[in-house]
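What follows is each chain in one-letter form.
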Amino acid sequence: MLGRHHLSISVFTVLPFIIPLFFLNTQNVLVYSIALLVAVVVGSLLPDSDCGGKPKLYYDFGIIYDLMIPIQKIVVFLFKLSGIKKRLNLQYEVNHEHRGIMHSPIGILISSLLLTLVVLIFMLIGKFTNLITLSLIFAGLVIGQLLHILEDSCTVSGINWKFPFGTKELKGRICTFEKQEGKVDIRAGLYQNILGGFSFLLLLGFSFKLLDFSPYLIYLGITLIIIALWFFFYSLSKSGNNIWYRDKEKVMTAKRNWNRMQRNLVKNSFGSDHSHHRKKHRRKKKYRNDVDWIMKV
Ligand SMILES: [Zn+2]
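Residues numbered from 1 in each chain as written. Predicted model: local features only at pLDDT ≥ 70, side-chain atom pairs only at ≥ 80, totals over all residues.

J.: What exactly am I supposed to notice about the overall build of the protein here?
T.: When helices and strands are tallied, the protein shows 11 helices and four strands. Across the 297 residues of the protein, 29% fall into the buried class. For the protein, long-range pairs separated by at least 24 residues make up 71% of all intrachain contacts whose partners lie at least 6 apart in sequence. (Helix = DSSP H or I, 4+ residues; strand = E, 2+ residues; numbered from the N terminus. Buried ≥ 20, exposed ≤ 12 C-beta atoms within 10 Å, placed from the backbone. Contact = placed C-beta atoms within 7 Å.)

Rendered as structure tokens:
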């Protein structure tokens, strides 16, 4: 799955749980929610640091990408240490392969711990240690990464959740790369839009005070809806029906038209003073999208 899909699907899965907090009017809660959300964004891109190329993380969070390379080496080293493979009777050799240890719950736990440790060191140096923020960063990194491998579980390459202890693989039939020449799978975009739509509805509901229930009831409802959506997404990813594949050129044209419409809206509301800056930004963004497209991770 593409980096930008990992990012948007993961954020839109977590956002519904954070939206109710925005309406509590407690400043601390808001700061903590943002810390969690940023960690989810970073977490959703972390596992692909094992792909050997230059994933979205490399372009958007270069410092963290640079940190992940030694972290991955440490994780692999820990598994090689003192014959753990033999002692734990592991099914797999742990090395630097793509969708190996960095795409498994045990690897996610270790890499999140190591990255949080780095944040703690920075906090200690800057003398602003805050344990709640630190725990939220750790939780966000774990959640973002787990969502990443859940999303990868919907693709044809699949995920071995028990790696390196077992062989059970979860896989769907979503093709991030082109299955047939000129065709593109629209499901990742669809999941992103459905989840984004749910967040938007929640935002509207709270803004107009339509969701005036007890917090317990609201959170129960949100949890059930998100779980149901994910069951739906996973079963949808198993379908091999051709309706999910669209002409790549048509999808690109539709996207371009949508972007142009958005830009015109922005231009009309802000004037065209920044058109040069926008053009430059667009070019940069296009380059990144192309790279993202080529990476196919
Ligand atoms: Zn991945």
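Moving on from the coordinates now.
J.: Would you mind showing me how to read helix α2 (residues 27–45) here?
T.: Because each turn of an α-helix spans 3.6 residues, side chains separated by three or four positions end up pointing in the same direction. Given a rise of 1.5 Å per residue, 19 residues ought to cover 27 Å, and the 28 Å separating the end C-alpha atoms of α2 matches this to within 8%. Looking at the buried positions of α2, the neighbouring elements they touch are α1 (3–22), α3 (56–60), α4 (62–80) and α7 (131–152). (Expected span 1.5 Å × (residues − 1).)

J.: Would you explain the environment of Cys 154 in this entry?
T.: For Cys 154, the location among the structural elements is in the loop between α7 and β1 (159–160). Taking the C-alpha atoms as reference points, Cys 154 and Cys 175, separated by 21 residues in sequence, lie 9.0 Å from one another. Residues within four places of Cys 154 in sequence aside, it is in contact with Gly 172, Ile 174, Phe 233, Tyr 234 and Ser 237.

J.: Just to check I follow, could you spell out unusual backbone geometry for this structure?
T.: The general pattern is negative phi for most residues beyond glycine and trans for most peptide bonds. Look at the link from Phe 163 to Pro 164: it is a cis peptide, with omega at 0°. For Pro 164, the position within the fold is in the loop between β1 and β2 (169–170). Even without being a glycine, Lys 127 presents a positive backbone phi close to 55°. As for its placement among the helices and strands, Lys 127 is situated in the loop between α6 (105–126) and α7. Backbone geometry places Lys 209, a non-glycine residue, at a positive phi of 55°. Positionally, Lys 209 belongs in the loop between α8 (187–207) and α9 (215–238). Taking the C-beta count within 10 Å as the criterion, Lys 209 has 8 such neighbours and is therefore assigned exposed.

J.: Whenever I open this one, the nonpolar core confuses me. Can you help?
T.: One broad rule of soluble globular proteins: the nonpolar side chains tend to lie buried together. If you look at the biggest cluster of nonpolar residues, it comprises 43 residues, and the most contacted ones within it are Val 11, Ala 39, Val 40, Leu 46, Ile 101 and Leu 141. Residue assignment for this core shows that the elements contributing at least two residues are α1, α2, α3, α4, α6, α7 and α8. If near-sequence neighbours (up to four positions away) are discounted, Ile 101 is found in contact with Val 75, Val 76, Phe 79, Val 94, Gly 107, Phe 163 and Pro 164. (Core = buried A, V, L, I, M, F, W, Y, C linked by C-beta atoms within 7 Å.)

J.: Help me understand the packing of α1 against α9 in this model?
T.: Geometry of a packed helix pair, given as the angle between the helix axes and the separation of the axes. The contact between α1 and α9 brings their axes to 10 Å, and the two run at 170°. Classified by the interaxial angle, the pair formed by α1 and α9 is roughly antiparallel. Residues Thr 13, Pro 16, Phe 17 and Pro 20 of α1 touch α9, and the partners they reach there are Pro 215, Ile 218, Ile 222 and Ile 226. When its residues are assigned to classes, the contact of α1 with α9 shows seven nonpolar, one polar and no charged. (Axes fitted to C-alpha atoms, helices over the stretch in contact; angles between N-to-C directions. Parallel < 35°, antiparallel > 145°, perpendicular 65-115°, else oblique. Nonpolar A, V, L, I, M, F, W, Y, C, P; charged D, E, K, R; others polar.)

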